[in-house]
Amino acid sequence: MAGVSRPEDTQTPSPLVGEGRGPRAKRVGRVRGNADGLTKRQLLPAITVFRSRDLRREAGPVEKALKAELRQALPQAKFRHQAPFGPYHADFCSHAAKLIVEVDDATHAERRDRDTARTAFLNAEGYRVLRFWNNDVMTNIEGVLAEIARNLPPELRGSFA
């Protein structure tokens, strides 16, 4: 039948990789975020980022000391200071190891129920939580670092391997 076009005869250019829509479309590279392409951080309220900055700026001597030691002793773990998680901020977080380190002062003894809820939330996000008292960090930093290193995968332990 001359002059009748069939679907297989039509030549439409194929979409470039990543441009197509539908079930057979390929996604290019490492795709992050939800279906709309937004990451968890982008879904947080804007005030959260400002609160993280304030918490980092107002860090006490114990957090500052642990931050310096973590960066020097365990650089491969790439601990972030005051990382936001939903309604909470983790004192130190290694996303690669899925590990959170919390430094607690005397006020945490009075509010164990809040800390329990916080730990449950962070565990549900897929993270393990280690807690240390301020005096442990200041008087036994090597022991604290050794315990943190024991909870890291071998490739992130560095000199503590």
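On a predicted model such as this, the values are computed, not experimentally measured, just so you know.

1. Notes on the overall build of the protein
Scanning the protein for helices and strands turns up seven helices and four strands. Ordered by position from the N terminus, the helices and strands of the protein form the series α-α-α-β-β-β-α-α-β-α-α. Within the protein, buried positions represent 32% of all 161 residues. A separation of at least 24 residues holds for 57% of the contacts in the protein among residues at least 6 apart in sequence. Carbon and sulfur atoms make up 52% of the accessible area of the protein, which amounts to about 11200 Å² in all.

2. Regarding the environment of Arg 157
Assignment of secondary structure puts Arg 157 in the segment after helix H7 (141-150). Judged by relative accessible area, Arg 157 falls into the partly exposed class, the value being 21%. Separated by 84 residues in sequence, Arg 157 and Ala 73 place their C-alpha atoms 8.4 Å apart. Apart from residues no more than four positions distant in its own chain, Arg 157 is found in contact with Ala 73, Leu 74, Gln 76, Ala 149, Arg 150 and Leu 152. Here Leu 152 takes part through its backbone oxygen, which lies 2.9 Å from a polar atom of the side chain of Arg 157.

3. Quick look at H7
All of the buried residues along H7 are Val 144, Leu 145, Ile 148 and Ala 149. Projected down its long axis, H7 shows its buried positions confined to an angular sector of 135°, all on one face. Buried residues along H7 sit against helix H3 (61-73), strand E3 (99-104), strand E4 (128-133) and helix H6 (134-139).

The rules we used
- Residues numbered from 1 in each chain as written.
- Predicted model: local features only at pLDDT ≥ 70, side-chain atom pairs only at ≥ 80, totals over all residues.
- Heavy atoms only, no water.
- Helix = DSSP H or I, 4+ residues; strand = E, 2+ residues; numbered from the N terminus.
- Buried < 20%, exposed > 50% of the residue type's maximum accessible area, 1.4 Å probe, protein only.
- Contact = heavy atoms within 4.5 Å.
- Areas by Shrake-Rupley, 256 points an atom, 1.4 Å probe, with all protein chains shown as cover.
- Polar contact = N/O pair within 3.5 Å; in protein donor to acceptor, adjacent residues only side chain to side chain.
- Arc of directions from axis to C-beta.

Functional significance is not addressed by these values, which are geometric in nature.
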